[in-house]
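Report on the structure
In case you want the letters, here they are:
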Amino acid sequence: MTHTPNPFAGLRAVAFDCFGTLLEIRRPANPWRRILAAAGPPGAGSHPDPRRGPLSLRAFAAACGVEFRPEWEAELAEERE
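The structure displayed is predicted, hence computed values, not measured ones. (Residues numbered from 1 in each chain as written. Predicted model: local features only at pLDDT ≥ 70, side-chain atom pairs only at ≥ 80, totals over all residues. Heavy atoms only, no water.)

Remarks on the overall build of the protein
For the record, the criterion: Only DSSP runs of H or I with at least four residues qualify as helices, and only runs of E with at least two residues qualify as strands; both kinds are numbered from the N terminus onward. Partly exposed describes any residue whose relative accessible area lies between the buried limit of under 20% and the exposed limit of over 50%, with all areas from a 1.4 Å probe on protein chains only and scaled to the type maximum. Residue contacts are defined here by distance: any two heavy atoms, one from each residue, within 4.5 Å place the two residues in contact. Only the protein chains shown count as cover for residues, and all accessible areas are computed by the Shrake-Rupley method using a 1.4 Å probe.
When you go through the protein residue by residue, the secondary structure sums to 3 helices and 0 strands. In the protein, the succession of α and β elements from N to C terminus is α-α-α. Within the protein, buried positions represent 15% of all 81 residues. Long-range pairs, those at least 24 residues apart, make up 55% of the contacts in the protein with a sequence separation of at least 6. When the accessible surface of the protein is split by element, carbon and sulfur atoms take 55% of a total near 7,000 Å².

Put into structure tokens, the structure is as follows:
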């Protein structure tokens with residue numbers, strides 16, 4: 001059995017800020033959007049919605065038929081700091 005590290009370890013809070021009033025992301029990377037762009041134009045295929053449930057970047061890229069790029073994970077990690 002392999003151990004998968006918990007990506008949420010050490011996370012103490014989550015803030016949903018739809019109007020940008022609570023926090024400022026200075027360099028938004030949004031790798032989810034990059035994966036969707038690599039998957040093709042809207043309507044080109046059925047892609048899962050990453051907002052509807054827990055889905056890793058790797059799983060999302062695979063579900064969209066896109067080859068995973070490690071820099072997407074690095075960008076997301078940098079954005080969370």
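Here's the deal with the environment of Pro7
Structurally, the position occupied by Pro7 is in the segment before α1 (31-39). For Pro7, a relative accessible area of 55% corresponds to the exposed category. Between the C-alpha atom of Pro7 and that of Ala77, which follows or precedes it by 70 residues, the distance is 9.8 Å.

Looking at α1
The following threshold applies: Think of the arc as the fan of directions from the helix axis to the C-beta atoms.
Inspection of α1 places Pro31, Ile35 and Ala39 among the buried residues, and these make up the whole buried set. Projected down its long axis, α1 shows its buried positions confined to an angular sector of 90°, all on one face. Exposed positions of α1 whose direction lies more than 90 degrees from the buried face are Arg33 and Ala37. Turning to α1, the residues buried within the fold contact α2 (57-63) and α3 (70-80). Note on α1: the residue one or two positions beyond its end, Gly40, has a positive phi of about 120°.

Some details on the pattern of salt bridges
Counted only if it meets this: Here, a salt bridge means any Lys or Arg side-chain nitrogen found within 4 Å of an Asp or Glu carboxyl oxygen.
Taken as a whole, this structure holds 2 salt bridges when the rule is applied. A salt bridge links Arg34 to Glu75; its shortest N-O distance comes to 3.5 Å. Pair noted here: Arg34 is in helix α1 and Glu75 is in helix α3, with a separation of 41 residues, a long-range link. The class of Arg34 is partly exposed, set by a relative accessible area of 41%. The salt bridge involving Glu73 is made with Arg58; its shortest N-O contact spans 3.7 Å. Residue Glu73 is found in helix α3, and its partner Arg58 is found in helix α2; the two are separated by 15 residues along the sequence. Looking at Glu73, the relative accessible area reads 37%, which means it is partly exposed. Since its relative accessible area comes to 47%, Arg58 is described here as partly exposed.

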